[in-house]
Amino acid sequence: LMGRHCGFIAMNAALAARDVDICLIPEMNIDLEKVLKHVEHLMRTKGHCVMVVAEGCGDTLIQSSGEKDAGGNKILADVGPWPLRS
């Protein structure tokens, strides 16, 4: 979800949806091992896992290239496919 440097939109969307299992925002120190263990637990017990990842995690959770766009903003790594690769 949107939120370049702030997880406010992702957090509030997760709260409003009421069925989100995990919400990752850039303001948090995220322990990937714990997140993946929780995902495995949810998959075993519920058969699915709903995860919201704020756009800003493309700079904190995974490394971006450091390149800049035409407006001078840092291009963040694509966090969409990240959970599938982990």
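Overview of the structure. Here the structure is a predicted model, which is why all the values come from computation and not from measurement.

### A short note on the overall build of the protein
Okay, so step 1: The number of helices and strands found in the protein is 4 helices and 2 strands.
Okay, so step 2: For the protein, the C-alpha atoms occupy an extent of roughly 45 × 25 × 20 Å along the three principal directions.
Okay, so step 3: Looking at the protein as a whole, 27% of its 86 residues qualify as buried.
Okay, so step 4: A sequence separation of at least 24 residues applies to 46% of the contacts in the protein between residues at least 6 apart.
Okay, so step 5: Total accessible area on the protein stands at roughly 5800 Å², and carbon and sulfur atoms take up 56% of it.

### Some thoughts on helix 2 (residues 32-45)
Okay, so step 1: The end-to-end C-alpha distance of helix 2 is 20 Å, a good match for the 20 Å that 14 residues give at a rise of 1.5 Å each.
Okay, so step 2: Looking only at helix 2, the buried set comprises V35, V39 and L42. What you see down the axis of helix 2 is that its buried residues fit within an arc of 65 degrees, all on one side. Exposed and facing more than 90 degrees away from the buried side of helix 2 are E33, K34, K37, R44 and T45.
Okay, so step 3: The secondary structure elements touched by the buried residues of helix 2 are strand 1 (22-24) and strand 2 (51-53).
Okay, so step 4: The N-cap residue of helix 2 is D31: its side-chain oxygen and the backbone nitrogen of E33 are 3.1 Å apart.
Okay, so step 5: At the C-terminal side of helix 2, G47 shows a positive phi close to 85 degrees.

### Some remarks on unusual backbone geometry
Okay, so step 1: Positive phi outside glycine occurs at R18, with the angle close to 65 degrees.
Okay, so step 2: Among the structural elements, R18 can be located in the loop between helix 1 (8-17) and strand 1.

The rules behind these values
Residues numbered from 1 in each chain as written. Predicted model: local features only at pLDDT ≥ 70, side-chain atom pairs only at ≥ 80, totals over all residues. Heavy atoms only, no water. Helix = DSSP H or I, 4+ residues; strand = E, 2+ residues; numbered from the N terminus. Buried < 20%, exposed > 50% of the residue type's maximum accessible area, 1.4 Å probe, protein only. Contact = heavy atoms within 4.5 Å. Areas by Shrake-Rupley, 256 points an atom, 1.4 Å probe, with all protein chains shown as cover. Expected span 1.5 Å × (residues − 1). Arc of directions from axis to C-beta. Polar contact = N/O pair within 3.5 Å; in protein donor to acceptor, adjacent residues only side chain to side chain.

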